[in-house]
Amino acid sequence: TLQNWNKQNQFLLKTKQKMSSGSRRHRGASKPTRQQQGAAPPALFDDTSDMPQAGFGMQPPPPPPPPQQGFYDPSAHQAFASDPYGAGAYQPQYQPPGQPQQPQQQSYQPSFNPGQLLNNPMVNDMAMQYGQQVFGQGTQYVQENLNKYVTNSRIKYYFAVDNAYVGKKLMLLLFPYANKNWSLKYSSDEQAQAPQQQQPQQSVPVAPRFDVNAPDLYIPVMAFVTYILLCGVALGIGNKFTPEQLGVLTSTALVWLLVEILALLLTFYIFNLNSRLRYLDLVAYAGYKYVGMIAIVLSGLLFSSLGFYIALLWFGAALAFFLIRTLNFQIQAADHSSEGHKRRLYMLLFIAGLQPLFMWLLTARVLS
């Protein structure tokens, strides 16, 4: 038993020695070196303790740049759907390649709606009052300056017509060969003058509605307007109508009328002729050509070129005959000699010859 006890003690001592030597080796291997003692242990997570936190006195990080042009942007789609025409709609701008994107700054601009301004009753009242004031001033200015040259009574004289006069005058212009009386009727005021006046007052011709031979401006004006409209119809039939053509025809006709009046006045001065004709009388006699021009254009539309030239010869000769017989009693020579009568005859032939020429110039270009 003692031997067994000794064997057990020896076995326990060896076991303890082995355990003590193993623990020493383990402590020697796990003991860090000086270099390992100075190094920091590996970090499991990033250390964010030194980064600034958003709070009082700190600015938040900048927003991300806007999307590139050509990519779909849901925010832009929502902005366009909510305000398609307003100032806050998204409008992409071109950014050159190679440059960093810059944040776009949008500024709100209030939109102007003219319909709200026009529907404002205060604005409408102010505009109406201003328009009435301007129209009144313009009318007064025209009347004051017009009365310096042409009185209202003289203008009214040329428009004192009725239906009977217009019908008889048109027949006289288109078929003048059957008329026998070409003299004008005058209303003398000699009975109303004072006995002490030595020179009698000049006789005044009666109103056109009382004398078919008296000149008027109603027929020339209406014939001029009808001629312009009929020319527009003729151009439309020929597929040549434009709105500008009516303006060109109107201005051309007015210019030729002015040229004719100036030519007549110059001829009166050169031939040294006396006449009872006034400026408006010349305008009336020169404007009667538009009646024949209407018939010429209608004949050209209905019967082509043959009808045009036949109508031009007839109505040109009719107007020339009418002017010679009418003006024969109103144009007199200054010296009452044979030379003066020749000048008067030349003047009548000159006036009569101008009418067919102007009628052809103003109608041939429309039907060409």
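Residues numbered from 1 in each chain as written. Predicted model: local features only at pLDDT ≥ 70, side-chain atom pairs only at ≥ 80, totals over all residues. Heavy atoms only, no water.

- The protein chain appears in an unreviewed UniProt entry as Protein YIF1 from Macrostomum lignano.
- The UniProt entry for the protein chain carries this comment under Function (unreviewed entry): "Has a role in transport between endoplasmic reticulum and Golgi."
- Of the comments in the UniProt record for the protein chain, the one headed Sequence similarities (unreviewed entry) reads "Belongs to the YIF1 family." (UniProt positions renumbered as here; feature names shortened; annotations may be inferred.)

## Thoughts on helix α8 (residues 218-237)
Then, in step 1: For α8, spanning 20 residues, the distance from its first C-alpha to its last is 29 Å, which sits close to the expected 28 Å at 1.5 Å a residue.
Then, in step 2: Within α8 the residues assigned to the buried category are Ile219, Pro220, Ala223, Phe224, Tyr227, Ile228, Leu230, Cys231, Gly232, Ala234 and Leu235.
Then, in step 3: Elements in contact with the buried residues of α8: α7 (163-174), α9 (243-271), α10 (279-287), α11 (289-327) and α12 (338-367).
Then, in step 4: Of the residues flanking the end of α8, it is Asn239, one or two places downstream, whose phi is positive at about 60°. (Helix = DSSP H or I, 4+ residues; strand = E, 2+ residues; numbered from the N terminus. Expected span 1.5 Å × (residues − 1). Buried < 20%, exposed > 50% of the residue type's maximum accessible area, 1.4 Å probe, protein only. Contact = heavy atoms within 4.5 Å.)

## Brief notes about the pattern of salt bridges
Then, in step 1: Considering all chains together, one arrives at two salt bridges under this definition.
Then, in step 2: Glu260 is the salt-bridge partner of Lys289, the closest N and O atoms lying 2.6 Å from each other. On the criterion of sequence distance, the pair formed by Lys289 in helix α11 and Glu260 in helix α9 is long-range, its members being 29 residues apart.
Then, in step 3: For Lys289, a relative accessible area of 2% gives the class buried.
Then, in step 4: With a relative accessible area of 1%, Glu260 lands in the buried category.
Then, in step 5: Across the pair Asp281 and Arg278 runs a salt bridge whose closest N-O atoms are separated by 3.7 Å.
Then, in step 6: With relative accessibility at 5%, the residue Asp281 sits in the buried group. (Salt bridge = Lys/Arg side-chain N within 4 Å of Asp/Glu carboxyl O.)

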